[in-house]
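Descriptive structure summary
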2 protein chains.
Amino acid sequence: MRFVGEDDVQRGIRTRRFEVVRGERTVPGLLWTPYDAQGQRPLVLIGHGASGSKAEEYVVALARRLVHRHEFAAAAIDGPIHGDRTLPGADDPTQLMMVFAKIWGSDPTLTDEMIADWRAALTELQAIPEVGAGPVGYWGLSMGTIFGLPLVAAESQIKAAVLGLMGNVGPTKERIIKDAADVTCPLLFLLQWDDELFKRESAFELFDLIGSSDKRLHANKGTHAAVPSDEFEATQTFLARQLQG
Amino acid sequence: MRFVGEDDVQRGIRTRRFEVVRGERTVPGLLWTPYDAQGQRPLVLIGHGASGSKAEEYVVALARRLVHRHEFAAAAIDGPIHGDRTLPGADDPTQLMMVFAKIWGSDPTLTDEMIADWRAALTELQAIPEVGAGPVGYWGLSMGTIFGLPLVAAESQIKAAVLGLMGNVGPTKERIIKDAADVTCPLLFLLQWDDELFKRESAFELFDLIGSSDKRLHANKGTHAAVPSDEFEATQTFLARQLQG
């Protein structure tokens, strides 16, 4: 892992850009830690939604709250074709969403490569003394669940997860069913009652398939992107409670 | 309204038993206020579940937390054939549940009489100086929603409600549909994913019918009676946020 550019320090929080090189891929990320952090602490991995990036507003806000209020570390990486991995000429949000939907349906390596990106980043983040190998949480909605569900299923270090805004749909339904059953950590699942992208019935099916014995679903009125701010706060409280032990 | 017996004062919380006489009915209740309360404050009405009473553990615990943490007032009344209104020889919980189910299905006046009991109690509670006519909330699950949904629909003073553990079922489905549409205050609805008494699909239907534009649903894994303690805390936080203004 290499840090890129200068540290940004604001209000006691250090933000660092990093790159993890994995074969021919470069995985760009952001790491947030308390400015004066020493030693191991809980780490929350944050997966952004389609057409967003590691640096989008709600990702940064969540990461900063986790650091500020709980002294956790938080990290986000760009999804495939997003953020610093955006393809030339494909940076319009609507176009990006369409291109993503297309490759999600057609590239069978997409998910496994993104999981490998996350796991490579996790290994290298844990080698940083002020992160260390403490409890790990995952937070990701929509595309952050498309990749997060299989990641949480595969990575036994993840001890708590916030997922949602996705249903039991996708190019490989058998895989979703298997991955959902393999998710066994405490889970908070978010759903938007009037979600125009993932119908609530299919989200209920996905929640039902998840193997965790400790799981809860929060549904709010509104469309896909209209998750209320107090629900974001609830996700942060949930992760804090689970990972602080 | 008359107070019955002696005040109970513990840890800064005064608990009083009261009776409201309404025609031939006597409505027995409990009122919780801060010991040294002066002047108007938010009031939460708490409706217990079938086979319980105004004095059961989770009712008392919720009331005491609302008083202790937020300086609210809280009040509970016994449901028909429950608590101090239990019929002679019908005090076994299982038997009580069965008798309740029977009269719910057969006595068309049951719901309206209970709503009238609540409204009579509310009027008299608001005449007490240390309660006053502040914002009113309602909290009730299962039988507390069977009666609470029509109460919240009818009583415009109720500005926030916690309902749940009930579905779009009952002896008068047309009435449930109408009452649900008439509920327009901010709402938190609880659901148990493996509820053996009210299937989740029917609870989703009821939630969907509720007229409030500001509504959210929290579902937890487990059976009807297995609502986790942190969810009780979430309901209390919700009411505090809504009623404190």
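Scope of this entry: the structure provided in the associated data block. (Residues numbered from 1 in each chain as written. Chains lettered and ligands numbered in written order. Predicted model: local features only at pLDDT ≥ 70, side-chain atom pairs only at ≥ 80, totals over all residues. Heavy atoms only, no water.)

A few points about the interface of chain B and chain A
Opposite the 17 residues of chain B that make contact, chain A presents 17 residues. In total, about 1,600 Å² of surface goes out of reach between chain B and chain A, with carbon and sulfur atoms giving 53% of it. Counting the contacts that link chain B with chain A gives six salt bridges. Two residues, Arg241 of chain B and Asp230 of chain A, come together in a salt bridge whose shortest N-O distance is 4.0 Å. At the surface where chain B touches chain A, the tally comes to nine residue pairs in polar contact (both at pLDDT 80 or more). Mapped by element, the contributors of at least two residues to the side of chain B that touches chain A are helix H7 (200-209), strand S9 (215-220) and helix H8 (229-244) of chain B. (Contact = heavy atoms within 4.5 Å. Buried area = accessible area lost by both parts, 1.4 Å probe. Salt bridge = Lys/Arg side-chain N within 4 Å of Asp/Glu carboxyl O. Polar contact = N/O pair within 3.5 Å; in protein donor to acceptor, adjacent residues only side chain to side chain. Helix = DSSP H or I, 4+ residues; strand = E, 2+ residues; numbered from the N terminus.)

Some thoughts on the nonpolar core
Membership of the largest hydrophobic core comes to 106 residues, with the highest contact counts inside it found for Leu217 of chain A together with Leu217 of chain B. Contact partners of Leu217 of chain A, with chain neighbours within four places excluded, come to Phe189, Leu191, Phe204 and Phe207 of chain A together with Trp193, Leu217, His218 and Ala219 of chain B. (Core = buried A, V, L, I, M, F, W, Y, C linked by side-chain atoms within 4.5 Å. Buried < 20%, exposed > 50% of the residue type's maximum accessible area, 1.4 Å probe, protein only.)

Concerning the relation of the copies chain B and chain A
Overlaying chain B with chain A gives an RMSD of 0.0 Å, the required rotation being 180° about an axis along which the chain moves by 0.0 Å. Considering both components of the superposition, the chain copies are consistent with a two-fold axis. Ranked by how close their C-alpha atoms come to the rotation axis, the residues of chain B are headed by His218 of chain B, at 2.2 Å. Looking at chain B, 100% of its interface residues are interface residues in chain A too, so the copies touch through the same face. (Least-squares fit on C-alpha atoms with pLDDT ≥ 70 in both.)

Describing H8 of chain B
With 16 residues, H8 of chain B should cover 22 Å at 1.5 Å per step; its first-to-last C-alpha distance of 23 Å lies within 8% of that length. Every buried residue of H8 of chain B is accounted for by Glu231, Phe232, Thr235, Gln236, Phe238, Leu239, Ala240 and Leu243 of chain B. (Expected span 1.5 Å × (residues − 1).)

Overview of the packing of aromatic side chains
Across all of its chains, the model carries 21 aromatic pairs over all chains by this definition. Between Phe204 of chain A and Phe204 of chain B the ring centres are 3.6 Å apart and the planes differ by 5°, which places this aromatic pair in the stacked class. Taken together, the residues Phe204 of chain A in helix H7 (residues 200-209) and Phe204 of chain B in helix H7 connect one chain to another. A relative accessible area of 9% means that Phe204 of chain A is categorised as buried. Taken together, the aromatic side chains of Phe189, Trp193, Phe204 and Phe207 of chain A together with Phe189, Trp193, Phe204 and Phe207 of chain B make up a single cluster linked through ring pairs. When the ring centre of Phe207 of chain A is taken as reference, the NZ or CZ atom of Lys215 of chain A above it lies at 4.9 Å. (Phe/Tyr/Trp six-rings, centres within 6.5 Å; stacked < 30°, edge-to-face > 60°. Lys NZ or Arg CZ within 6 Å of the ring centre and 35° of its normal.)

Considerations on the environment of Pro108 of chain B
Residues and elements named next belong to chain B. Relative to the helices and strands, Pro108 is located in the loop between helix H2 (93-106) and helix H3 (110-126). Accessibility expressed as a relative area gives 69% for Pro108, which makes it exposed. Sequence separation between Pro108 and Thr172 is 64 residues; the distance between their C-alpha atoms is 8.8 Å.

Details of the pairing of strand S6 (residues 136-140) of chain B
Residues and elements named next belong to chain B. In terms of burial, S6 is a largely internal element, five of the five residues being buried. A two-sided burial pattern is seen for S6, the buried positions comprising Val136, Tyr138 and Gly140 on one face and Gly137 and Trp139 on the other. Judged from the five bridges that link them, strand S4 (residues 43-47) and S6 form a sheet pairing that is parallel. Note that in S6 the partner of Val44 across the bridge is Gly137. Direction of pairing for S6 relative to strand S7 (residues 158-164): parallel, over a ladder of four bridges. The residue of S7 that forms the bridge with Gly137 is Ala160. (Pairing = 2+ DSSP bridges.)

Side note on unusual backbone geometry
One non-glycine residue, Ser142 of chain A, adopts positive backbone phi at about 60°. Among the structural elements, Ser142 of chain A can be located in the loop between strand S6 (136-140) and helix H4 (143-146).

Thoughts on the packing of helix H1 (residues 57-70) of chain A against helix H8 (residues 229-244) of chain A
Residue and element names in this part refer to chain A. In the contact formed by H1 and H8, the axes pass within 11 Å of each other and the chain directions differ by 45°. Put simply, H1 runs oblique to H8. Considering the relative orientation of H1 and H8, their crossing is right-handed. Along the contact surface, H1 presents Tyr58, Leu62, Arg65, Leu66, Arg69 and His70, while H8 presents Phe232, Glu233, Thr235, Gln236, Ala240 and Gln244. Of the residues contributing to the contact of H1 with H8, the split by class is five nonpolar, four polar and three charged. (Axes fitted to C-alpha atoms, helices over the stretch in contact; angles between N-to-C directions. Parallel < 35°, antiparallel > 145°, perpendicular 65-115°, else oblique. Left-handed = near helix turned anticlockwise from the far one by under 90°. Nonpolar A, V, L, I, M, F, W, Y, C, P; charged D, E, K, R; others polar.)

Overview of the pairing of S9 of chain B
Of all the six residues making up S9 of chain B, six are buried; the element is thus mostly covered by neighbouring parts of the structure. Neither face of S9 of chain B is open: one carries Lys215, Leu217 and Ala219 of chain B, the other Arg216, His218 and Asn220 of chain B, and all of them are buried. Where strand S9 (residues 215-220) of chain A meets S9 of chain B, five bridges bridge the pair, whose relative direction is antiparallel. If you follow Arg216 of chain A over to S9 of chain B, its bridge partner there is Asn220 of chain B.

Digging into the environment of Phe189 of chain A
All names here are of chain A. Looking at the secondary structure, you find Phe189 in strand S8 (residues 187-192). Look at Phe189 and you get buried, because its relative accessible area is 0%. For the pair Phe189 and Gly29, spaced 160 residues apart in the sequence, the C-alpha separation amounts to 25 Å. Ignoring sequence-local partners within four residues, the contact set of Phe189 consists of Leu163, Gly164, Met166, Ala203, Leu206, Phe207, Ile210, Arg216, Leu217 and His218.

All quantities given are derived from atomic positions and should not be read as evidence of function.
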